[in-house]
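Report on the structure
Each chain, written out:
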Amino acid sequence: MPRKRSKGGYQSPFTRHGVRLGDAPRLGFTTFTIHECGYLPQGSDWNHPGVLSPFWRLYHNGAPGCHVRFGSETFPLAPDSLLLIPDATPFDCVCETRAPHLWLHFSPLQTTSAFPRRPLVLPLTSLLRTLTESLIAARTAADSPLTRQHLYHHGAALLHSTFAALDVPIAPDAPERLDQILRFLHSQLAGDLSNAVLARRAIMGESVFIRWFKEHTDTTPAIYVQQARCRHAAQLLALTDRTIEQIAADCGFPNRYYFTRVFRRHLGAGPAEYRQRQVRAG
């Protein structure tokens, strides 16, 4: 007689033999928002000085002839490698000879501040080569809602495999209460994020909360909030057509003038200048 299966059996995703990955978001990079994928078979006049963007870039060229300049260093775009450039990394695009050019513009939904803000060359392994070729094929297919969905999945597969090939710095352990505060903070950038509000959220006195927050983040809550608002504003300036007044309000600044002052302090340029400097090339 067959054994009777319990009514509520197999409700848990966990077994005795698997590795639980529920804490992966706390360890660093997990998933990505892909803003754009592009491919130019003949390349372009890829000369753009002073690029500084609030999103990440992944590049691959099918032939030599172009490179990225970062300070005094140069990083080639070549057929046997990928080039990964984090956000907030200033660089120059330099092209001596046009070459087939593939790019992904993306933002990790979870990052670690320990990741170095500098370009990184990765060897094109057989797996990464196959995924790069699949992404190019998906990008050059006839455009439709279905092929765009395919393009997204091919792009995500390449990004995940690229990051799987890295020794990504692991975010240091932080109290669960701090994780909750930071999630709340990033979801409420347009709202009241004063020390008093955050301290109540953490169930602490204000002065105790400020010391506790600085101990785990190396900065004060007020400066952290300003930096988070400015990073979000930089993304909106680069990726949307919203007015500066709208972006100021969406990011919790009381007016454009205060927004401009704080934004310039953290990013080295006012919002209007920052928007004008954004390069819309791959």
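Read on for a plain summary of the structure. (Residues numbered from 1 in each chain as written. Predicted model: local features only at pLDDT ≥ 70, side-chain atom pairs only at ≥ 80, totals over all residues. Heavy atoms only, no water.)

Further remarks concern the overall build of the protein. For the protein, the count of helices and strands is 10 helices and nine strands. Intrachain contacts of the protein at a sequence separation of at least 6 include 75% that bridge at least 24 residues. When the accessible area of the protein is evaluated, it comes to approximately 16200 Å², of which 53% is carbon and sulfur surface. (Helix = DSSP H or I, 4+ residues; strand = E, 2+ residues; numbered from the N terminus. Contact = heavy atoms within 4.5 Å. Areas by Shrake-Rupley, 256 points an atom, 1.4 Å probe, with all protein chains shown as cover.)

A word on the sheet that holds strand β5 (residues 73-77). The strand order across the open sheet formed by four strands is β2-β7-β4-β5, and the pairing between neighbours is antiparallel. Edge positions in the open sheet fall to β2 (48-51) and β5, since each of these has one partner strand only. The average undirected angle you get between the axes of adjacent strands in this sheet is 20°. Pairing of β2 with strand β7 (residues 91-95), which is carried by two bridges, proceeds in the antiparallel orientation. By the bridge assignment, H48 is partnered in β7 with C93. (Pairing = 2+ DSSP bridges. Axes fitted to C-alpha atoms, helices over the stretch in contact; angles between N-to-C directions.)

The tally for this structure, following the rule as stated, stands at 13 aromatic pairs. Centre to centre, the rings of F32 and F106 are 5.5 Å apart; their planes meet at 85°, and the pair counts as edge-to-face. Taken together, the residues F32 in strand β1 (residues 32-40) and F106 in strand β8 (residues 101-108) connect sequence positions 74 residues apart. Judged by its relative accessible area of 0%, F106 is buried. (Phe/Tyr/Trp six-rings, centres within 6.5 Å; stacked < 30°, edge-to-face > 60°. Buried < 20%, exposed > 50% of the residue type's maximum accessible area, 1.4 Å probe, protein only.)

Our focus in this paragraph is empty space enclosed by the protein. Under the criterion given, the structure shown has one cavity of 30 Å³ or more. By volume, the largest cavity amounts to about 40 Å³. Looking at the largest cavity, the residues that line it are L58, Y59, H60, L82, L102, W103, L104, L135 and L158. If you list the elements that add at least two residues to the lining of the largest cavity, you get β3 (56-61) and β8. (1 Å grid on protein atoms, 1.4 Å probe; cavity = no way out; pocket = protein on both sides within 12 Å on 5 of 7 lines; lining within 4 Å. Points joined across faces, edges and corners; volume = space filled by probe spheres on them.)

Further remarks concern the sheet that holds strand β6 (residues 81-85). Reading across the sheet, the five strands line up as β1-β8-β3-β6-β9 and stay open at both edges, with antiparallel pairing between neighbours. In this open sheet, the two strands that pair with only one neighbour each are β1 and β9 (120-123). For this sheet, the mean angle separating the axes of adjacent strands, direction not counted, is 20°. When β6 meets β9, the two strands line up antiparallel, connected through four bridges. Paired with S81 across the two strands is P123, which belongs to β9. Packing of helix α2 (residues 126-140) onto the sheet brings it into contact with β1, β3, β6, β8 and β9, and relative to β1 it is tilted by some 75°.

What follows is about the environment of C93. Of note, C93 is situated in strand β7. Sequence spacing of C93 and H48 is 45 residues, and the spatial spacing of their C-alpha atoms is 4.8 Å. The residues touching C93, leaving out its near neighbours within four places in the chain, are W46, N47, H48, V51 and H67.

In contact at an axis separation of 9 Å, helix α5 (residues 195-202) and helix α6 (residues 206-217) are set at 85° when each is read in the N-to-C sense. Taken together, the axes of α5 and α6 are roughly perpendicular relative to one another. Residues N195, A196, L198, A199 and A202 of α5 lie in contact with α6, whose contacting residues are E206, F209 and I210. Each residue belonging to the contact of α5 with α6 can be placed in one class, and the counts come to six nonpolar, one polar and one charged. (Parallel < 35°, antiparallel > 145°, perpendicular 65-115°, else oblique. Nonpolar A, V, L, I, M, F, W, Y, C, P; charged D, E, K, R; others polar.)

Interpretation in functional terms is not warranted from these geometric data alone.
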